[in-house]
Amino acid sequence: MEAIKRNVLLNPGPSTTTDTVKYAQVVPDICPREKDFSGLMKGLREDLVRIVHGDPEKFTSVLFCGSGTINIDVCLNSLLPAGKKVLVVNNGAYSTRAVEICRAYGLPHIDLRFPVDQQPDLELVEKTLRENPDIALMHTTHNETGTGLLNPIRALGALAHRYGAVFTVDTTSSYAMRPIDVEKDNIDFCMASAQKGLMAFTGLSFVVGRRAIIAQSAGYPVRSYYCNLWLQYDYFERTGEMHFTPPVQTIYATLQALREYWAEGEEAKWARHSRVFRAINEGLAELGFRQVIRPELRSGLVASALYPDDPHWSFERIHDYCYERGFTIYPGKISSANTFRLCALGAIDEADIRDFFRVFRQGMTELGVQIPVIYKE
Ligand SMILES: *Cc1c(COP(=O)(O)O)cnc(C)c1O
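What you see is a predicted model, and the numbers here were worked out from it, not measured in a lab. (Residues numbered from 1 in each chain as written. Predicted model: local features only at pLDDT ≥ 70, side-chain atom pairs only at ≥ 80, totals over all residues. Heavy atoms only, no water.)

Asks: Can you help me understand the side chain of Asp188 in this one?
Replies: For Asp188, the position within the fold is in the loop between β8 (166–170) and β9 (189–193). A polar side-chain atom of Asp188 sits 3.1 Å from a polar atom in the side chain of Arg210. Excluding its chain neighbours within four sequence positions, the residues that come into contact with Asp188 are Phe59, His161, Ala165, Val166, Phe167, Val208, Gly209, Arg210 and Ile213. (Helix = DSSP H or I, 4+ residues; strand = E, 2+ residues; numbered from the N terminus. Polar contact = N/O pair within 3.5 Å; in protein donor to acceptor, adjacent residues only side chain to side chain. Contact = heavy atoms within 4.5 Å.)

Structure follows, in structure tokens:
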């Protein structure tokens, strides 16, 4: 097996993969309607539930061919009964995406907004649930990838359940990294795609959730033909296959990524991501960068640093300098501030971060950016 050029991706997914996962895509041609292939998907679906400690009797996973946003689309359009309302607890770009999906489908919804650098006010969430008994579904984002803020999903889920609402959580940027337990965390549905925490490739996304609620949703309005949770689940249960053509090569890669996930182990993997995140924070602090999110509210997976007030600073030029040397950094996703992000996803470790900061510092020096960086106020 020939080594493939290794890039360290510090963007929020897709993430750096191992060569064994890359090569797992190279397989003999197969028609995905063959039993050999549907057999692979059965084990895959079970593993996806096991990662978040779901009881396989009560929880299932449903696969879709698409990027991670397809999961948010599927959950919102499929799990809302007629005449009911969605509550989106929104403190960032990804929950805003959920609001846009509600708008696109014309779903009655409340966009309950909070500042992007703060956790939601639980009393206000409860008041909203109490005053709107027609809320049947509450949605939020676990790790708000736009900033790296961690939301208190366990407490939010408890509130949703107290008021009889289904709780869907966008865990795309925490699943298979930060340990999640669907029962303890009060999650009815969570979601991710293969290119993030699992360290495989784009094209495979999945929803993990309660079978009983999916079964109930068979009677809800069908608002999308391709992105309907019940239709896809029912097809899987009856045939073992995806309704339409699956992303074959990505599925082979994901199976290898799962073998590597179990071999590394939940705890050790989270310890590694935490190590990487600590190295990112230390590197940023050494250069004097300020971050958007207070340390105690950070997800431990995404750091958001503010651009310095230095006329020589240019994100694009620093990005290009690092990119040419095998390191990818990423702009932020906050409308009110100029930020860039460094993420702890992927098959990387703290030595990669130290290497990155050597290159990053060198790039800043060549541009003439003052170190430590300066801020006007
Ligand atoms: C990456 C991500 C998604 C999915 O984005 P795609 O571009 O559709 O893959 C959704 N939610 C969160 C929180 C994410 O980090």
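There is more to say after this.
Asks: Which parts of the structure should I look at to understand the side chain of Thr339?
Replies: Among the structural elements, Thr339 can be located in strand β14 (residues 339–343). Not counting the four nearest positions on each side in its chain, Thr339 is found in contact with Val292, Ala305, Leu306, Tyr307, Pro331, Gly332, Lys333 and Ile334.

Asks: Quick question: what am I supposed to make of the pairing of strand β4 (residues 109–113) here?
Replies: As a general feature of sheets, a regular strand has side chains that alternate between the two faces. Of the two faces of β4, only the one carrying Ile110 and Leu112 is buried; His109, Asp111 and Arg113 on the other face are not. Relative to β4, strand β3 (residues 85–90) runs parallel, the two sharing 5 bridges. Following the sheet pairing, Val89 is matched in β4 by Leu112. (Buried < 20%, exposed > 50% of the residue type's maximum accessible area, 1.4 Å probe, protein only. Pairing = 2+ DSSP bridges.)

Asks: What should I look at first to understand helix α5 (residues 122–131) in this one?
Replies: In an α-helix, one full turn covers 3.6 residues, which means residues spaced three or four apart are oriented alike. Where α5 is concerned, the buried positions are Val125, Thr128 and Leu129. Considered in projection along α5, the buried side chains sweep an arc of 100° and stay on one side of the axis. Facing away from the buried surface of α5 by more than 90 degrees, the exposed residues are Glu123 and Glu131. Looking at the buried side of α5, the elements it contacts are β3, β4, β5 (135–141) and α6 (153–162). Of the residues that open α5, the one with a side-chain oxygen 2.9 Å from the backbone nitrogen of Glu123 is Asp121. (Arc of directions from axis to C-beta.)

Asks: I keep staring at the packing of aromatic side chains and nothing clicks. Help me out?
Replies: Given two aromatic rings, their pairing is described by the distance between the two centres and the angle made by the two planes. Inspection of every chain in the model, using the stated rule, returns 19 aromatic pairs. Judged by centre distance (5.8 Å) and plane angle (65°), the ring pair of Phe289 and Trp313 falls under edge-to-face. Taken together, the positions of Phe289 in the loop between α10 (266–286) and β11 (302–306) and Trp313 in the loop between β11 and α11 (315–324) put the pair 24 residues apart, joining distant regions of the chain. On the basis of relative accessible area, Phe289 is assigned to the buried category, the value being 7%. On the basis of relative accessible area, Trp313 is assigned to the buried category, the value being 10%. Clustering of aromatic rings is evident, with ring pairs tying together Phe289, Tyr307, Trp313, Phe315, Phe327, Phe340, Phe356, Phe357 and Phe360. The aromatic ring of Phe236 is capped on one face by Arg45, whose charged end is 4.4 Å from the ring centroid. The lysine or arginine in question, Arg50, covers the ring of Trp262, its NZ or CZ lying 4.0 Å from the ring centre. (Phe/Tyr/Trp six-rings, centres within 6.5 Å; stacked < 30°, edge-to-face > 60°. Lys NZ or Arg CZ within 6 Å of the ring centre and 35° of its normal.)

Asks: Explain the pattern of salt bridges here, please?
Replies: Opposite charge on two side chains lets them pair, provided their charged atoms get close. A full pass over the atoms with the stated rule returns 23 salt bridges. Across the pair Asp352 and Arg6 runs a salt bridge whose closest N-O atoms are separated by 3.0 Å. On the criterion of sequence distance, the pair formed by Asp352 in helix α12 (residues 350–367) and Arg6 in the segment before β1 (8–9) is long-range, its members being 346 residues apart. Overall, the relative accessible area of 43% leaves Arg6 in the partly exposed class. Salt-bridge contacts for Asp349 lead to Arg275; the nearest nitrogen and oxygen are separated by 2.8 Å. Pair noted here: Asp349 is in the loop between β14 and α12 and Arg275 is in helix α10, with a separation of 74 residues, a long-range link. Residue Asp349 is classed as partly exposed on the basis of its relative accessible area of 26%. The exposure class assigned to Arg275 is partly exposed, which follows from its relative accessible area of 26%. Beyond isolated ion pairs, a larger network of salt bridges with shared partners links Lys58, Glu183, Asp188 and Arg210. (Salt bridge = Lys/Arg side-chain N within 4 Å of Asp/Glu carboxyl O.)

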